[in-house]
Structures are given as structure tokens and as C-alpha cells.
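So the chains spell out like this:
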Amino acid sequence: MKSIIASVVCLGVAVFAASPAVQAQTLADYAATPLDSNPRLSPNGRWMATHCRQQSRIAACVYDLQANALLHIIPAPEDTSLEDAYFASDGYLLLSFSSYNTLSTSEGLRHYLVSRSVSLNVESGEVVLLAPNLRSSTNTTNIVSMAINDPESVLMEMNYYRDGQSQVGTRFETRSGFDSSLYRVSLETGGARRIDRSDIMGRVVSATGDVVAETHFDEGSNLLEIREPGRDGAVIYSRQHLSDAPSILGFVGDTDFLAMFPSEQGGYRQIDRTTGDISLPDEHDLDIVERPVWGHDRQLLGFIGEREGLRAQYFYDQQLRADASALEGALGAPVIIESFSADRNMLLLTLSEPGRPQTYYLYERSAGSVAVVAAGYPNLSAQDLPERRFYTYQASDGLEIEGVLTTPAGWTEAAGPLPLILLPHGGPASRDDLDFDWWAQAYASQGYMVLQPNFRGSLGYGVEFQRAGFGEFGDRMIEDSLDGARALQAASLARPGQFCVAGASYGGYAALRAAIMAPEDVGCVVAVAPVTDPVSLLAEARQSGGGVFAYDFWEQYIGDLVFDREEAARISIFRNADALDAPILLMHGDEDSVVPIEASNALRRNMSSEQAFDFILLEGETHFLELSASRQILLNRSLALFDEVLRAD
């Protein structure tokens, strides 16, 4: 927490700010996980919760804003990660934790991501596990309603996919499909009481805890239906879907649901709660829409997304729109309202500036004041940081590709070309933007140019651009990244000759695949938790419960390689390990539940002793590089490799 040090008055708003001492930035500053992030206000505006850094690990911190004091620190239990922290009511904070566990099943040992919710009594500090009687479930974090009329409880939904035999009398019959239970969970004791069980995919539940619709899915016909609740509920919406199935997220007034349609331009649509008619939300000025902004009653207030490459918001709510405009004028930069009290008197916000780490402000309407309350990277907040901008180029087949180019602070073209690092994003259904990026900006702080290509298949450029990546998992999506490097060299921005490629998850796969496809260009590779056998994603989706949606998603990007062994082998990394001539730094966390460590172990087994290959096991690390120590190792070891390969002269 920051103390109030000084104030100025600007456009009628008093701005309180602490002026951090300017220190020389170090790699450790970039490697550090944020000191505070993901701030949330309690409904009454008295408490603030954040993800905070405690001894290099992420914990939850609760601050008393009236007393300007730290109230509670809730560390993640050993071998677990904090996923979320938000207020269920003024008296209780909900926290979710996850861990990667090996469980004994009827099919032998299986690896599972196990997620659990706990509640914190803000006044007493007591923490209780929610739904301890449901330990057989791997996920007790699906809170579907805060039940705002009852501040002592929430509603939790447990959804299962049945796939096996069941006994009916003396006969056994194969049954598959969804099974869903709804529980009322006490925030004081953690006890869970089941209030409904149905053969459905899920429910739409209001903020007050009323079930207003049900989702049904027939796997035989791929028919998804949204129905009014009850056995004979009227059909509201009916259509065949797989990975493009809509998800109902909340409400637009009394007449419509807000739903996400993954395959539609812009994604979000309104569904009439009576007729099922689909319509676009009211107009907004965002270039890209990422997620809704909700009121405490789960009503749509606006959207958060991007405008000209930066995080931005658009509010339908007139009061919040006016607040955002006034605060932008007072603070000199676009603001993002991250959270607000139920009466709108207290607003938590941050500024949206290219390449700048987030600093969090608290606006108190009744006092007309703004105070700095938290900062993600205080040692970097006053620094001249590496600069980020968009760079557009043409792929070799003529498709226009946009990437994010990061260069050292103060660098200009007159200073001459720089050694180049390609840093393709993971996903692959994702994108890079102009926000602060600790990884890319750390490399640029050491004198490298970094290009993060938004290759075809990336989000944010329309449905057709995303579909252009379908079936190109190991081909054109990789070529797009390589074409970006060649474009920078042709423009004399990047040094001629070899460059290095780094990435995580799909980005790690892309780095390794680039080295196979262009061995003369790729001088070295850094791959963190890489996919090394794409067909394994399809196989895992096919075997997992309810995996029809995941299988369809991966099949679009990869193609159905399960039965095409030749094509599966061609785009596999570990099956082509002998083609990896460039020096490779491979890193993987032993708690990775997204791309299990076996993916890296399979590659290691196929590498020969003659190949330049280093492997680092990141102990206690997940898929997302959540530990400062892991990030520090990555930066130190990868930069040493880059210096050796790209600055040998």
C-alpha cells in the first residue's frame, strides 16, 4: 500500500501520488512478479483485495482502505497457485487455488488439475474450505451466483460428463452425457447443500440465485439448446454447435442474455430470453472487445478491450462513462476502471499507456480525490522503458500481418540495426498488444529488438484472419513469424544473418518448428513448456470427459491428424528432433497441467549427445511462469545464449 504523500488539483479532482525514487532498472525488476495486481473492491468500498507478491510467490492481500493498512495476507498453500480473489459480499472474500495432482483412478494413475475455493471472513481472518464434502470433484470453483440477497452464501455448480456403463436392473447399458448439480454453500462454514440435480450441461443463474435458464447438449446430434428451467421448459434457443457453442455470461436488462459466440465477429451477442433472437450489443468504439464489465447485479455496463492497441473501455452506463472521461482529463491518460463499490462512490482504476506497468489508483467520488494505492512494478514505474509499437509487414503469400515491435529505450533507426529475437505468442488463439510485457521488454532492455508476430490464426483481426490459421498449426503460422524477421532485416531495422526464436506453450512449439523449417536463419531457440507433438492435443481431447468441444477446437487449428500418421509425424517436434541443429534451451515446470512435462521429456529422449541442448526443470512452476525465480532463470540463461550466438563478434 502506498501512503498519501502529496496532492495536486486538476479539473476538480484532487490527485494524490507517491513519487518513487528513480533507480537503475535490472533484469530482476522485470523478472519479478507484480507486487500487486488484479485489484478488487468490496461492495461497500472499504476493503481492497489484490494478488500480491510474498517471498517471490503470489498470495492474496486484503487492505483496509479506511485505515490505509494491510489487513490480511493469505499465501497459497504449498504446491498450489492462487487463481482468483474476489468479494462475495462485504464480509467474505472468495479465493480459488489450483494444484497439479496425480490421482489413482479405475484406469490407473491420471494427472489432474485440482481447483478449490475457500472463503475468508474479512473481519475475523478465518479461512474455510468450501464444499469439503465434494472432495471427489476436481473443481469446486464454479461459483455461478453471489446470491446477493443472502450475504452468507453463494451458489456453486458442479458439471460432469458421464461416459461409461451403468447398471439398469440386470442389464448394463452405455450412457454418456452431462450431469449437473447446484449447491448452496455457506461462506461461514463451507458446508454445501445440494438444491438441484439434472441431466443438463449447465444453468443460467441470476445474481439473486434464481435459475432462469438451462443449457442442454446432445452429443449424438451436436444440438445445443437453451431452455426455460424445469423438465418441460420451453426452448429459447436451438442450434448445432461444437467448439463454437455460445456461453451465456450475464444479462442485458430484463429481456436479453449476453452470450459469447466464439466463431462470430466480435464474439458477443444478445439472446432474447423469450424468442431466442440474436442481436448485436449496442454500438461501441472499441477496436477489439475482450470481456464485459458487469454491475453487482450481473447486468452489462460496458466492455473492456482495445483501442489503437491499448487497453480501453466503453461504458453504456452514463455515470461510469462520465467518470472515465473526467479521470482521463485529470490523470492525462486513458483510464481503465478495474472495480467499483456498489454505490459507485469508490472506483479502482489504472492508466492505459504503451509499455508501462500498471499503477492502481483509488477515486473517491464524495471527496473528489484520487490516490495511488498499489503498483505492479514500482521499480520500473518511473523509468524510461523499452518502447513498444505496432509493425506491419506482408507474409510471403501476401497476407498482411501485424506484430508488436519492442526496442531499447531511446533507440532510433539512425542508431543502426539491432540483433533480433522473435517471440511468438502461445494459444495459438491469442494475440500480443502494446501493454507492458516483462519478457519482451527485458530482452529489449539488454539491447535486442523483439518482434511478437500476430500470425494468422491470432485473435483480434476478425473471423476470417483467425480461420486463415486453421490447418496451419505447423506451417503458415510459423512462416508468418519467419517472414516478420525477414521483413525487419530487409528494412535494415534488424541485423542481417541469424536471429533467435523464443516462446512458451504454442510459442515454444513455434520456436522449435521455426528452427526445423529455417535452419539457416534460426541461430538459437528458447522453448518454455512447448507442445512437442500436436497430435497429442487431439488424442487428449478425444479421451477427456466432455472433450468433444476441445477436440473440435484443436482439430480446426491442427487438422484431424489422429488417423494421418504421416502428417502427424511431419509437424511433430520430438519425431524430428534430429533436424534441430540450432542450440536449444528447453525449460518446463514440474507443476504444468496445460502442457505436461512429458512433452519436454519426449523431446529430450530423442535428442542426441551431439546436439547443443540444455534442459532446465523449473521446480514448483506451472504453465504460466508464475514464480519470480523461474522468470529470473529464463532471462539469465536465454540472454546468455543470445549473447553467445548473436554477439559472438
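Each remark here, short or long, concerns the structure printed above.
Residues numbered from 1 in each chain as written. Predicted model: local features only at pLDDT ≥ 70, side-chain atom pairs only at ≥ 80, totals over all residues. Heavy atoms only, no water.

Engineer: Honestly, the state of the cysteines in this entry has me stumped. Any pointers?
Structural biologist: In protein structure, a disulfide is the covalent linkage between the sulfur atoms of two cysteines. All told, the structure shown has two disulfides when counted by the stated rule. Note that Cys52 is cross-linked by a disulfide to Cys61, the S-S spacing being 2.0 Å. Taking the sign of the S-S torsion, 80 degrees for the link of Cys52 and Cys61, the bridge is right-handed. When its relative accessible area of 1% is taken as the criterion, Cys61 is described as buried. At a sulfur-sulfur separation of 2.0 Å, the disulfide partner of Cys500 is Cys524. Where Cys500 bonds to Cys524 through sulfur, the torsion about that S-S bond is close to 115 degrees, and the disulfide is right-handed. Of the two residues, Cys500 is situated in strand S34 (residues 499-504) and Cys524 in strand S35 (residues 522-528); the sequence distance between them amounts to 24 residues. Under the relative-accessibility criterion, Cys500 is labelled buried at 0%. Take Cys524: its relative accessible area is 0%, and that puts it in the buried class. (Disulfide = S-S within 2.5 Å. Buried < 20%, exposed > 50% of the residue type's maximum accessible area, 1.4 Å probe, protein only. Helix = DSSP H or I, 4+ residues; strand = E, 2+ residues; numbered from the N terminus.)

Engineer: It is not clear to me how helix H5 (residues 476-490) should be interpreted in this structure. Could you clarify?
Structural biologist: Each α-helix turn comprises 3.6 residues. Residues three or four places apart therefore point the same way. Here H5 is 15 residues long and its end C-alpha atoms lie 20 Å apart, about the 21 Å a rise of 1.5 Å per residue gives. The element H5 is extensively covered by neighbouring structure, given that 12 of its 15 residues are classed as buried. The positive-phi residue at the C-terminal boundary of H5 is Ser492, with phi of around 60 degrees. (Expected span 1.5 Å × (residues − 1).)

Engineer: Sorry, what's going on with the pattern of salt bridges here?
Structural biologist: Tallying each qualifying case throughout the model produces 29 salt bridges. The partner of Arg476 in a salt bridge is Asp483, and the shortest N-O contact between them spans 3.4 Å. Take Arg476: its relative accessible area is 18%, and that puts it in the buried class. Arg570 serves as the salt-bridge partner of Glu567, at 2.7 Å between the closest nitrogen and oxygen. Placement of the pair is Glu567 and Arg570 together in helix H9 (residues 565-570), with a separation of three residues, close to one helical turn. You can call Glu567 partly exposed: its relative accessible area is 27%. Counted as one network, the salt bridges with shared partners bring together Asp397, Arg456, Arg476, Glu479, Asp480, Asp483, Arg486 and Asp521. (Salt bridge = Lys/Arg side-chain N within 4 Å of Asp/Glu carboxyl O.)

Engineer: What is the right way to read the sheet that holds S34 from this model?
Structural biologist: Strands in a sheet are paired, the pairing made by backbone hydrogen bonds, and the direction either parallel or antiparallel. The sheet built from eight strands is open, its strands ordered S30-S31-S33-S32-S34-S35-S36-S37 with mixed pairing. Edge positions in the sheet fall to strand S30 (387-394) and strand S37 (613-618), since each has one partner strand and no second. Neighbour-to-neighbour, the strand axes of the sheet open up by a mean angle of 20 degrees, direction not taken into account. Across four bridges, S35 lies against strand S36 (residues 584-589) in parallel orientation. Bridging across to S36, Val525 finds its partner in Ile584. Sheet contacts for helix H6 (residues 506-517): S34, S35 and S36; angle to S34, the most-contacted strand, approximately 150 degrees. (Pairing = 2+ DSSP bridges. Axes fitted to C-alpha atoms, helices over the stretch in contact; angles between N-to-C directions. Contact = heavy atoms within 4.5 Å.)

Engineer: Can you walk me through the environment of Leu405 in this structure?
Structural biologist: As for its position among the elements, Leu405 is in strand S31 (residues 400-407). On the basis of relative accessible area, Leu405 is assigned to the buried category, the value being 0%. Setting aside residues up to four positions removed in sequence, Leu405 forms contacts with Glu387, Arg388, Arg389, Tyr391, Met449, Val450, Leu451 and Leu488.

Engineer: Where do I start with the packing of aromatic side chains in this structure?
Structural biologist: Given two aromatic rings, one states the distance between the centres and the angle between the planes to describe the pair. In total, this model carries 17 aromatic pairs according to the counting rule given. The interplanar angle of 75 degrees and the centroid separation of 5.5 Å between the aromatic rings of Tyr314 and Tyr316 together place this pair among those described as edge-to-face. Here Tyr314 and Tyr316 have matching classes, each one buried. On the basis of an interplanar angle of 65 degrees and a centroid distance of 5.8 Å, the ring pair of Tyr448 and Phe642 is categorised as edge-to-face. Taken as a pair, Tyr448 in the loop between helix H3 (438-445) and strand S33 (449-454) and Phe642 in helix H11 (residues 628-646) lie far apart in primary sequence, 194 residues in all. Three or more aromatic residues link up through ring pairs in this structure, and these residues are Trp438, Trp439, Tyr443, Tyr448 and Phe642. The cationic tip of Arg647 hangs over the ring face of Tyr448; the distance from NZ or CZ to the ring centre is 4.1 Å. (Phe/Tyr/Trp six-rings, centres within 6.5 Å; stacked < 30°, edge-to-face > 60°. Lys NZ or Arg CZ within 6 Å of the ring centre and 35° of its normal.)

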